[in-house]
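# Notes for the structure review
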Amino acid sequence: DSPPPPALMMPGSSLKKEDTVFSEQDVAEHLFELTFDITGAATEDACRITLDHLANFVSCDDMCVWQGTLNDEQIHVVAGRGELGRSLLGHAADYDVGIVGRCHHSSMLMLVRELDPDRLAHLPNTAHPRVKGVLCIPVVNADGWTFGVIELFNPPDIDTSTFDVVSALAKTLGESLARSI
């Protein structure tokens, strides 16, 4: 018997690959389109557009973008996709709460499959039963400043190259948010 996987898993060979494989050209085109689409867009629009592009790479029904900067007292949801993601619009949480707070604080991508109330403390209690796993991607710019977190609910098993793609999309959003501040 092998030991159970850790509650917090980083990208690596233990993750299963999704059925869809994307070429470097597909990724480059989406990154170019995303950059073009969100340049000059309002924060909420840029976040929503990023989620639309992200949905092309990860088959995940529910996702949202949490935004938080040094000027904000709490991190808050500014864009959502899917029933759960949209229900969280406007929801706020302290920076040190739940998986989202840890992701924002550490600027590290986090995939968590073993959930408990502490790890979901950033979400309303009514959302807890619907969440079986969470993938959080920090929204950072080239200088390493964190502007938020993209949260995917009940993500599929994905491979390292998909982690790279979602991280690149989040970084593109981070660059846009940095320019808008």
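Refer to the structure above for everything that follows.
Residues numbered from 1 in each chain as written. Predicted model: local features only at pLDDT ≥ 70, side-chain atom pairs only at ≥ 80, totals over all residues. Heavy atoms only, no water.

Okay, the pairing of strand β2 (residues 62-67) next. Buried residues dominate β2, accounting for 6 of its 6 residues. The alternating pattern of β2 places Asp62, Cys64 and Trp66 on one face and Met63, Val65 and Gln67 on the opposite face, and all of these are buried. The pairing of β2 with strand β7 (residues 146-153) spans 6 bridges and is antiparallel. Within the sheet, the bridge partner assigned to Met63 lies in β7 and is Leu152. (Buried < 20%, exposed > 50% of the residue type's maximum accessible area, 1.4 Å probe, protein only. Helix = DSSP H or I, 4+ residues; strand = E, 2+ residues; numbered from the N terminus. Pairing = 2+ DSSP bridges.)

With that settled, consider helix α1 (residues 24-38). In this model α1 runs 21 Å from its N-terminal to its C-terminal C-alpha over 15 residues, within 8% of the 21 Å that 1.5 Å per residue would give. Among the residues making up α1, those that are buried are Val27, His30, Leu34 and Ile38. Mapping the buried residues of α1 onto a view down its axis gives an arc of 65°, with all of them on the same face. Looking at α1, the residues exposed on the side facing more than 90 degrees away from the buried face are Glu24, Gln25, Phe32 and Phe36. Of the surrounding secondary structure, the elements contacted by the buried residues of α1 are α2 (43-54) and α5 (160-180). Trailing α1 by a residue or two, Gly40 shows a phi angle of about 80°, which is positive. (Expected span 1.5 Å × (residues − 1). Arc of directions from axis to C-beta. Contact = heavy atoms within 4.5 Å.)

Here α2 crosses α5 at 170°, and the two axes come no closer than 10 Å. Taken together, the axes of α2 and α5 are roughly antiparallel relative to one another. Across from Thr43, Ala46, Cys47, Thr50, His53 and Leu54 in α2, the residues of α5 making contact are Val166, Leu169, Leu173, Leu177 and Ser180. (Axes fitted to C-alpha atoms, helices over the stretch in contact; angles between N-to-C directions. Parallel < 35°, antiparallel > 145°, perpendicular 65-115°, else oblique.)

Here we come to the nonpolar core. One finds Leu54, Val65, Leu135, Ile137, Ile150, Leu152 and Leu173 to be the most contacted residues of the largest nonpolar core, which totals 31 residues. Counting only elements with at least two residues in this core, the list comes to α1, α2, β2, β3 (75-81), β6 (134-140), β7 and α5. Of the residues forming this core, the biggest block, 7 residues, is contributed by α5. Residues contacting Val65, with those up to four places away along its chain left out, are Cys47, Leu51, His76, Val77, Val78, Ala79, Val149, Ile150 and Leu173. If you look at the next biggest cluster of nonpolar residues, it comprises 20 residues, including Leu84, Cys103, Val131 and Val149. (Core = buried A, V, L, I, M, F, W, Y, C linked by side-chain atoms within 4.5 Å.)

Another point: the pattern of salt bridges. As enumerated under the stated definition, the model contains 6 salt bridges in all. Across the pair Arg48 and Asp45 runs a salt bridge, and its minimum N-O distance is 3.9 Å. You can see Arg48 and its partner Asp45 sitting in helix α2, 3 residues apart, about one turn around the helix. Classification of Asp45 by relative accessible area gives partly exposed; the value is 35%. A salt bridge links Arg81 to Asp52; the nearest nitrogen and oxygen atoms lie 2.7 Å apart. Linking Arg81 in strand β3 with Asp52 in helix α2, this pair joins segments that are 29 residues apart in sequence. Within the structure, one salt-bridge network assembled from shared partners comprises Asp45, Arg48, Asp52 and Arg81. (Salt bridge = Lys/Arg side-chain N within 4 Å of Asp/Glu carboxyl O.)

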